[in-house]
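Commentary on secondary and tertiary structure
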Amino acid sequence: MVDAAEEEMDNPTFRSDTVLSDVHLHCPSKRHLMVRLNAVGQPVFLSHFKLLWSTEDLASGKHVREVTTGGEHQHRSGDELCDKDRSNIKKEGELNSEGVEALLDDDGDLEVVRRPRSASDLEAEDLLRDIVCPVILMKGKEDAFEDEEQECSCRDVVKIEHTMATPLEDVGKQVWRAAFLLADYILFKRDTFRCCSVLELGGGTGITSIVMGTVARRVYCTDVGEDLLAMCEQNVALNKHLMEPGGGEIKVKELDWLKDEFCTDPEAPYSWSEEEIADLLDHCSVIMAADVFYDDDLTDALFRTLYRITHNLRNSCTVYLALEKRLNFTLRHMDITCEAYSHFRNTLNDLENLQDEKMKYTVEPIKLDFCQFLVYERIEQL
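Thresholds applied
Residues numbered from 1 in each chain as written. Predicted model: local features only at pLDDT ≥ 70, side-chain atom pairs only at ≥ 80, totals over all residues. Heavy atoms only, no water. Helix = DSSP H or I, 4+ residues; strand = E, 2+ residues; numbered from the N terminus. Buried < 20%, exposed > 50% of the residue type's maximum accessible area, 1.4 Å probe, protein only. Contact = heavy atoms within 4.5 Å. Areas by Shrake-Rupley, 256 points an atom, 1.4 Å probe, with all protein chains shown as cover. Pairing = 2+ DSSP bridges. Axes fitted to C-alpha atoms, helices over the stretch in contact; angles between N-to-C directions. Core = buried A, V, L, I, M, F, W, Y, C linked by side-chain atoms within 4.5 Å. pLDDT = per-residue confidence, 0-100. Salt bridge = Lys/Arg side-chain N within 4 Å of Asp/Glu carboxyl O. Disulfide = S-S within 2.5 Å. Expected span 1.5 Å × (residues − 1). Polar contact = N/O pair within 3.5 Å; in protein donor to acceptor, adjacent residues only side chain to side chain.

A word on the overall build of the chain
Each helix and strand in the chain was counted, giving 13 helices and 17 strands. Relative to its 382 residues, the chain shows a buried fraction of 42%. Residue pairs at least 24 apart in sequence account for 70% of intrachain contacts in the chain once pairs closer than 6 positions are excluded. Carbon and sulfur atoms make up 49% of the accessible area of the chain, which totals about 22,200 Å².

Concerning the sheet that holds strand 12 (residues 218–223)
Two strands in a sheet stick together by hydrogen bonds in their backbones, pointing the same way (parallel) or opposite ways (antiparallel). Within the open sheet, the five strands sit side by side as 13-12-11-14-15. Their pairing is parallel. Of all the strands in the sheet, the pair left with one neighbour each is strand 13 (249–254) and strand 15 (318–322). Strand after strand, the sheet turns through a mean of 20° between neighbouring axes, direction not considered. Where strand 11 (residues 197–200) lies against strand 12, four bridges are found, and the strand directions are parallel. By the bridge assignment for strand 12, Val198 is matched with Val219. Most of the contacts of helix 11 (residues 274–283) go to strand 14 (residues 284–290), to which it runs at about 100°, and overall it touches strand 11, strand 12, strand 13 and strand 14.

What to know about the nonpolar core
Phe180, Ile186, Phe193, Val198 and Met212 are the most contacted members of the largest nonpolar core, which has 47 residues in total. Looking at which element gives the most residues to this core, the answer is helix 6 (residues 177–188), with nine residues. Counting 27 residues, the second largest nonpolar core, distinct from the first, contains Leu255, Ile277, Leu302 and Leu323.

Thoughts on the confidence of the model for the chain
With 65% of its residues at a pLDDT of 70 or more, the chain shows a mean pLDDT of 77. Confidence drops under a pLDDT of 50 for residues 1–15, and excluding neighbours within four residues, the segment shows one contact in the predicted structure. This stretch, residues 117–132, has a pLDDT under 50; its non-local contacts, to residues over four places away or in other chains, come to 13 contacts.

Observations concerning the pattern of salt bridges
One pass over the structure, following the stated rule, counts 15 salt bridges. In this structure, Asp191 engages Arg194 in a salt bridge whose closest nitrogen and oxygen atoms are separated by 3.0 Å. What you see here is one network of salt bridges that share partners, running through Arg177, Asp291, Glu324, Arg326 and Glu377.

Section: the state of the cysteines
This structure, assessed with the given rule, holds zero disulfides. Free of any disulfide, Cys195 has its nearest neighbouring cysteine sulfur in Cys196, separated by 7.7 Å. For Cys195, a relative accessible area of 57% gives the class exposed. Free of any disulfide, Cys221 has its nearest neighbouring cysteine sulfur in Cys232, separated by 3.5 Å. Look at Cys221 and you get buried, because its relative accessible area is 2%.

What to know about helix 12 (residues 296–312)
Counted at 1.5 Å a residue, the expected span for helix 12 with its 17 residues is 24 Å, and the 25 Å between its end C-alpha atoms agrees. For helix 12, the complete set of buried residues consists of Thr299, Ala301, Leu302, Phe303, Thr305, Leu306, Arg308, Ile309, Thr310 and His311. Summarising the contacts, the buried residues of helix 12 are in contact with strand 11, helix 11, strand 14, strand 15 and helix 13 (339–352). Of the residues flanking the start of helix 12, the one acting as N-cap is Asp295, its side-chain oxygen 3.1 Å from the backbone nitrogen of Asp297.

Take a look at the structure:
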């Protein structure tokens, strides 16, 4: 018994039951309406994500950014350089923890601005930081959104049903930052994707497919799990108005990376018809995936699926992969590591070096200097 205990101590295992996306933590006092419980009893929330363009601008071929400075809203052409905007954002971030601009004295030392003890309630309220905590509204409080919906029209808002904290196997039900990054790139390069046929692997809540659906001809948004796919289908329905100007279509389908074939069982929900499989293989020219590289076994399965599908496509294809490097301290290395990202990079290198008479894969990084079209925090780990 002692030997067994000592062996367990030599190989400790740490488990976490819940994973939480921090996308919502950067929306101070954002209101989230809990609309229902899903099939497994998890609370489902409805969130509004602001777009910095409208469908009218999209249809006319204009790039429009909304830059907020000093309470004023300015619209700028997306063809302009984004450096000034990023510089403004950086300057706005150079504030101390009280939200007051940092000042230097004559010697160059930091001069700390302290809140006066006799400050009035109004002054104190101005100096306090926003509480970074979503306000959760229960079902039946829909009228709480009336003011917000009047302020932002439907054309510049993506409505997404999602969960906020899940076990690891259900992380697809949350909204992750790399999905916004990929959506930004789609909007920035929308002429590249216009009228394309697209496959998304691991679509999750569907936000990237919905944005792609505003410019592409057809999007197959795929994932696994009836509950998740039902949520994704609901999100597609909630944002149908965004796709109408461009005539795009989104089909929510099951695609299990651990299986070698498409699900064609007519009795199974979200299965494929023979016509849909033929359409995908005949016309697909873009494959995309966002924030799906967090488990080594699933990463391997995704690359096997990617190889199998691209091998059967009639035309050449471009694959867009977006992810966030998540740094963790591990006892095994006694250092900060990013093992999931390292495994992803190694697998990607293996694919590029693959000796195949029929296929040739080329890997190219994309510079992240393109404009931001959705409101989220674009961190350097993306």
